[in-house]
Amino acid sequence: MGFFSAARQGRRDDAELGKGLWRRAHDRFLRGLDRYHQVLEGVEDEALYAELVEIANELSALAGRVRQICMEAQRRSPSDGLDIPGALAGVHRSLSTAGNSLAMTAEAAAMLRLAVGPVPVGAASVRRRAESVAEHVDDAERRLAEAASGA
C-alpha cells in the first residue's frame, strides 16, 4: 500500500471506526491476522503449509465481519477514547477475546513451524484456536444484535 492510499485508508478508518475503542479492537484483530500470515512465510512442510493456509483464509474472512461489527458499534456508541460503553460492553469483550484468540492462533502456528520432524496431528491445535476466534466473532455479532433489539 502506497503512502497516499495508506493515508486515505486511515481517514476512511477514522470516519467509519472512530479513533477510540472500536478502532483499537478492529486494528488489534488485523495485527493478529498479519502476524498469522507472517508465520506462514516460514513453513517448509508443504502439507502443513496447505492446512495453515486454509485456516488463514477462514480467519481472513472474519476480518470483514469484525470491521462491520466495529463500524456498527461506532455508529451506535461513538468512541474517541477507551471508555467501554455499558450497553456494548459484551460486544467489546467478545471482540477483545477474538483478538486475543487470534494472537494465540498465530502463536500455535509458529510453534508448529518450529517443530522438528513431521507433525503427527497436523494443524489440529491451530484449527481449534481458529475455531475459538470464529466463536468470539459470532458472539460479538449476537451481542450487537441483542443490544439493538433491547434484549
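Residues numbered from 1 in each chain as written. Predicted model: local features only at pLDDT ≥ 70, side-chain atom pairs only at ≥ 80, totals over all residues. Heavy atoms only, no water.

1. Structural notes on the confidence of the model for the protein
Under the convention used in this document: The predictor's confidence in any single residue is recorded as pLDDT, a number from 0 to 100. Runs of H or I in DSSP of at least four residues are treated as helices and runs of E of at least two as strands, each being numbered from the N terminus.
Across the protein, the average pLDDT comes to 89, with 90% of residues at 70 or higher. For the protein, the element scoring lowest by mean pLDDT is helix α1 (residues 3-17), at 70; helix α2 (residues 21-40) scores highest, at 96.

2. Points about the packing of helix α3 (residues 46-76) against helix α4 (residues 89-114)
Two numbers describe a pair of packed helices, the interaxial angle and the distance between the axes. As a reminder of what qualifies: Interaxial angles span 0 to 180 degrees and are taken between N-to-C directions of axes, which are lines fitted to C-alpha atoms, for helices over the stretch in contact. Orientation labels follow simple angle bins: below 35 degrees gives roughly parallel, above 145 gives roughly antiparallel, 65 to 115 gives roughly perpendicular, and whatever is left gives oblique. Crossings are classed by handedness, with left-handed meaning an anticlockwise turn of the near helix from the far one by less than a right angle and right-handed meaning a clockwise turn. The contact criterion used throughout is that any non-hydrogen atoms of two residues lie within 4.5 Å.
Interhelical geometry of α3 versus α4 gives an angle of 165° and a closest axis separation of 12 Å. Relative to α4, the element α3 is oriented roughly antiparallel. In this structure, α3 crosses over α4, and the sense of that crossing is left-handed. Along the contact surface, α3 presents Leu48, Leu52, Leu59, Val66, Ile69 and Cys70, while α4 presents Val91, Leu95, Leu102, Thr105, Ala109 and Leu112.

3. Points about the packing of α4 against helix α5 (residues 124-149)
As a reminder of what qualifies: Following the grouping adopted for this structure description, the nonpolar residues are Ala, Val, Leu, Ile, Met, Phe, Trp, Tyr, Cys and Pro, the charged ones are Asp, Glu, Lys and Arg, and the polar ones are all others, Gly among them.
Packing of α4 against α5 leaves a shortest axis separation of 8 Å and a crossing angle of 170°. By the angle class used here, α4 and α5 are roughly antiparallel. Across the contact of α4 with α5, the residue classes break down as 14 nonpolar, eight polar and four charged.

4. Observations concerning the nonpolar core
Put simply, the rule reads: Only buried residues count toward a nonpolar core. Its members are Ala, Val, Leu, Ile, Met, Phe, Trp, Tyr and Cys residues joined through side-chain atoms within 4.5 Å. For every residue, the accessible area (1.4 Å probe, protein chains only) is compared with the maximum for its type, and the residue is labelled buried under 20%, exposed over 50%, or partly exposed between those bounds.
Judged by nonpolar contacts, the single largest core of 38 residues is most densely connected at Trp22, Phe29, Tyr36, Leu52, Leu59, Leu95 and Val126. Among the elements of the structure, α2, α3, α4 and α5 are those that each provide at least two residues to this core. Take this core: its biggest share by element is 11 residues, from α3. Among all residues touching leucine 52, those that are not within four sequence positions of it are Tyr36, Leu40, Val43, Ala109, Ala123 and Val126.

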